[in-house]
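# Structure assessment
If you want the building blocks of each chain, they are given just below.
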Amino acid sequence: MKLRKADEMEKYQSDQSAKFGFVFYTVALLSWSFYDFFTEDDSGWQMPILLIGCAVYFWTRVVYYRKMNK
């Protein structure tokens, strides 16, 4: 099986999909965490999952940015 490089349109579509997916899961986990916090006084596992996901996202952006600028 031979893989080919993605062209600009496929890269753009992939970037947009990743952005909208990240925004969706961030909003969903944040709202779920707030709901549980105000109804049960506990944010549950939603907040740590959200914070870890955001940390992974932003650190990978930093790594790729530094890799591209070297």
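For the structure given in this document, a descriptive report is provided here.

From N to C terminus, the protein chain includes 2 helices and 0 strands. When burial is assessed residue by residue, the protein chain has 13% of its 70 residues classed as buried. Each charge class in the protein chain can be summarised by its mean position, and for the 9 positive and 8 negative side chains these summaries are 20 Å apart.

A few words now on the side chain of Q46. Tracing the chain through its elements places Q46 in helix α2 (residues 46–68). Accessibility expressed as a relative area gives 5% for Q46, which makes it buried. Within polar-contact distance, the side chain of Q46 engages the side chain of D36 at 2.7 Å. Beyond its immediate chain neighbours, meaning those up to four positions away, Q46 contacts L29, W32, S33 and D36.

To continue, consider the packing of helix α1 (residues 8–40) against α2. Packing of α1 against α2 leaves a shortest axis separation of 9 Å and a crossing angle of 155°. Relative to α2, the element α1 lies roughly antiparallel. At the point where α1 passes α2, the crossing takes the left-handed sense. Residue-level contacts link F22, Y25, T26, L29, L30, W32, S33 and D36 of α1 to Q46, M47, I49, L50, G53, C54, Y57 and F58 of α2. Considered class by class, the residues forming the contact of α1 with α2 number 11 nonpolar, 4 polar and 1 charged.

The rules behind the values
Residues numbered from 1 in each chain as written. Predicted model: local features only at pLDDT ≥ 70, side-chain atom pairs only at ≥ 80, totals over all residues. Heavy atoms only, no water. Helix = DSSP H or I, 4+ residues; strand = E, 2+ residues; numbered from the N terminus. Buried < 20%, exposed > 50% of the residue type's maximum accessible area, 1.4 Å probe, protein only. Lys, Arg positive; Asp, Glu negative; His and termini not counted. Charge placed at Lys NZ, Arg CZ, Asp CG, Glu CD. Polar contact = N/O pair within 3.5 Å; in protein donor to acceptor, adjacent residues only side chain to side chain. Contact = heavy atoms within 4.5 Å. Axes fitted to C-alpha atoms, helices over the stretch in contact; angles between N-to-C directions. Parallel < 35°, antiparallel > 145°, perpendicular 65-115°, else oblique. Left-handed = near helix turned anticlockwise from the far one by under 90°. Nonpolar A, V, L, I, M, F, W, Y, C, P; charged D, E, K, R; others polar.

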